[in-house]
Amino acid sequence: MVCGRAVYLHWYMRVGKAPPQAWSEERMASAEDKKPVRKKPGRKLPPGAADRRQFLAVMNGDVIKDLKVAAAEEEITASELLEQAARELLERRKSKQAKKR
């Protein structure tokens, strides 16, 4: 085991002094056992968001403000409101194309 504290322990052993209690081998070993398991960094996604991907859109500032106000009134996020609007637009477009054929 080579870590900062272990280096100091070896120095104390070479010099012939007793290491401080906080640095004893037993306490260091028990501290190693108690180390928390490190989780991978990352953000937790809400349920059902695993299939979502980020999409960047540039809009007029007034449109963005109105969009956020409308989303707040509906009690949903702006992303959800945009997704609903896009689905409705695509559905209308699809039905128009079907009528032309």
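Look up: the structure comes first, before these words.
These figures come from a predicted structure and were not determined experimentally.

### Considering the overall build of the chain
- For the chain, the helix and strand inventory stands at 4 helices and 0 strands.
- N-terminal to C-terminal, the α/β element order of the chain is α-α-α-α.
- Within the chain, contacts between residues at least 6 apart in sequence are counted, and of these 20% link residues at least 24 apart.
- Accessible surface, the chain: about 10,100 Å² in total, of which carbon and sulfur atoms supply 54%.

### A look at the pattern of salt bridges
- Scanning all chains against the criterion turns up 1 salt bridge.
- Ionic pairing is found between Arg87 and Glu83, a salt bridge with its closest N-O pair at 2.9 Å. With a gap of 4 residues between them, Arg87 and Glu83 both fall in helix α4 (residues 78-100), about one helical turn apart.
- Judged by its relative accessible area of 56%, Arg87 falls in the exposed class.
- For Glu83, a relative accessible area of 28% puts it in the partly exposed group.

### Structural notes on helix α3 (residues 61-74)
- For α3, with 14 residues, the first-to-last C-alpha span of 20 Å sits near the 20 Å given by 1.5 Å per residue.
- The backbone nitrogen of Asp62 lies 2.9 Å from a side-chain oxygen of the residue at the head of α3, namely Asn60.
- One or two positions beyond α3, positive phi appears at Glu75, with a value near 60°.

### Description of the packing of α3 against α4
- Where α3 meets α4, the closest approach of the two axes is 8 Å, and the angle between their N-to-C directions is 100°. Between α3 and α4, the crossing angle belongs to the class labelled roughly perpendicular. Of the residues in α4, those touching α3 at Leu67, Ala70 and Ala71 are Ala78, Leu81 and Leu82.

What counts, and at which threshold
Residues numbered from 1 in each chain as written. Predicted model: local features only at pLDDT ≥ 70, side-chain atom pairs only at ≥ 80, totals over all residues. Heavy atoms only, no water. Helix = DSSP H or I, 4+ residues; strand = E, 2+ residues; numbered from the N terminus. Contact = heavy atoms within 4.5 Å. Areas by Shrake-Rupley, 256 points an atom, 1.4 Å probe, with all protein chains shown as cover. Salt bridge = Lys/Arg side-chain N within 4 Å of Asp/Glu carboxyl O. Buried < 20%, exposed > 50% of the residue type's maximum accessible area, 1.4 Å probe, protein only. Expected span 1.5 Å × (residues − 1). Polar contact = N/O pair within 3.5 Å; in protein donor to acceptor, adjacent residues only side chain to side chain. Axes fitted to C-alpha atoms, helices over the stretch in contact; angles between N-to-C directions. Parallel < 35°, antiparallel > 145°, perpendicular 65-115°, else oblique.

Any functional reading would require information beyond the geometric quantities listed.
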